[in-house]
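Architecture at a glance
Listed below are the residues making up each chain.
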Amino acid sequence: ENTFNVIKLDKAHIQVKKMTAMINGFLNVSSFEAGKIYLNEQTFEMNALLNEIVEEVTLITASHNMVVLSCPTVSVKADRDKIGQVINNFLSNAVKYSRPGSTIEVACIQVDGSARVSASDEGLGIEKEHLAKLFQRYYRVNNNNHISGFGIGLYLSAEIIGRHGGRIWVESEPGKGSTFYFSLPVKQ
């Protein structure tokens with residue numbers, strides 16, 4: 001019975017975290033639209049943040065194989081927590097839209113004076129006509145898979161990356177998976 005209670009508490013804790021994230025997401029949308037978002041910029045190493053977030057997500061989600069492909073030491077000046085939210089969003093979407101047991105590959109490379117982070121899944125993939133709209137507020141691809149969410153995660157991610165002078169985009173092939181990217185200027 002004790003084990004059963006621990007499992008129930010764990011599940012309740014996960015639900016509370018999801019609700020908190022959703023509420024914070026809605027509050028962030030309001031703040032962005034009111035132009036009141038505060039960026040607490042600091043210099044940090046992208047590879048350290050990426051590994052930290054992958055480790056956290058792996059602890060919560062044992063259903064997928066998370067592999068960090070490459071990640072040289074690259075310093076950026078940005079709001080570490082908010083960039084962490086973007087990476088977290090990429091990974092939770094990859095988990096949500098790909099089958100259990102599949103691999104999610106995460107990478108970070110330095111390209112043309114930018115740190116480029118990517119998360120690739122072997123999931124459902126996205127039709128071409130939806131790609132450009134994915135980062136709009138409340139936009140959800142209706143593919144009859146009944147996946148929960150409010151369509152604000154990618155919108156907030158795009159707003160966060162945009163406020164940092166970065167770029168966010170996606171490449172996808174239906175039935176083969178998706179790769180979400182963002183890039184931020186490297187700290188000189």
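Provided above is the structure to which this section pertains.
This report concerns the structure included in the present document. (Residues numbered from 1 in each chain as written. Predicted model: local features only at pLDDT ≥ 70, side-chain atom pairs only at ≥ 80, totals over all residues. Heavy atoms only, no water.)

1. Notes on the overall build of the chain
Of regular secondary structure, the chain possesses five helices and seven strands. Secondary structure of the chain in N-to-C order comes out as α-β-α-β-β-α-β-β-α-α-β-β. Counting over 188 residues, the chain shows a buried share of 40%. Partitioning the contacts of the chain with sequence separation of at least 6, the portion at a separation of at least 24 is 72%. Of the roughly 10900 Å² of accessible surface on the chain, a fraction of 51% belongs to carbon and sulfur atoms. (Helix = DSSP H or I, 4+ residues; strand = E, 2+ residues; numbered from the N terminus. Buried < 20%, exposed > 50% of the residue type's maximum accessible area, 1.4 Å probe, protein only. Contact = heavy atoms within 4.5 Å. Areas by Shrake-Rupley, 256 points an atom, 1.4 Å probe, with all protein chains shown as cover.)

2. Structural notes on the packing of helix H3 (residues 80-96) against helix H5 (residues 153-163)
The axes of two packed helices give the description: the angle between them and the distance between them. Contact geometry of H3 with H5 gives a least axis separation of 9 Å together with a crossing angle of 145°. Seen from above, H3 lies across H5 with left-handed handedness. Facing H3, whose interface residues are Lys82, Ile83, Gln85, Val86, Asn89, Phe90 and Asn93, H5 presents Gly153, Leu154, Ser157, Ile160 and Ile161. Residues that form the contact of H3 with H5 fall into these classes: six nonpolar, five polar and one charged. (Axes fitted to C-alpha atoms, helices over the stretch in contact; angles between N-to-C directions. Left-handed = near helix turned anticlockwise from the far one by under 90°. Nonpolar A, V, L, I, M, F, W, Y, C, P; charged D, E, K, R; others polar.)

3. Observations regarding the environment of Ser63
One can find Ser63 in the loop between helix H2 (46-60) and strand E2 (65-68). Spatially, the C-alpha atoms of Ser63 and Arg99 are 8.6 Å apart, while their sequence positions differ by 36 residues. With residues up to four places along the chain from it excluded, the contact list for Ser63 reads Val95, Pro100 and Gly101. For Ser63, the side chain forms a polar contact with the side chain of His64, separated by 2.7 Å. (Polar contact = N/O pair within 3.5 Å; in protein donor to acceptor, adjacent residues only side chain to side chain.)

4. Digging into unusual backbone geometry
Note: most peptide bonds trans; most residues except glycine with negative phi. Non-glycine residue Asp112 carries a positive phi angle of around 45°. Examined against the element boundaries, Asp112 turns out to sit in the loop between strand E4 (103-111) and strand E5 (114-120).

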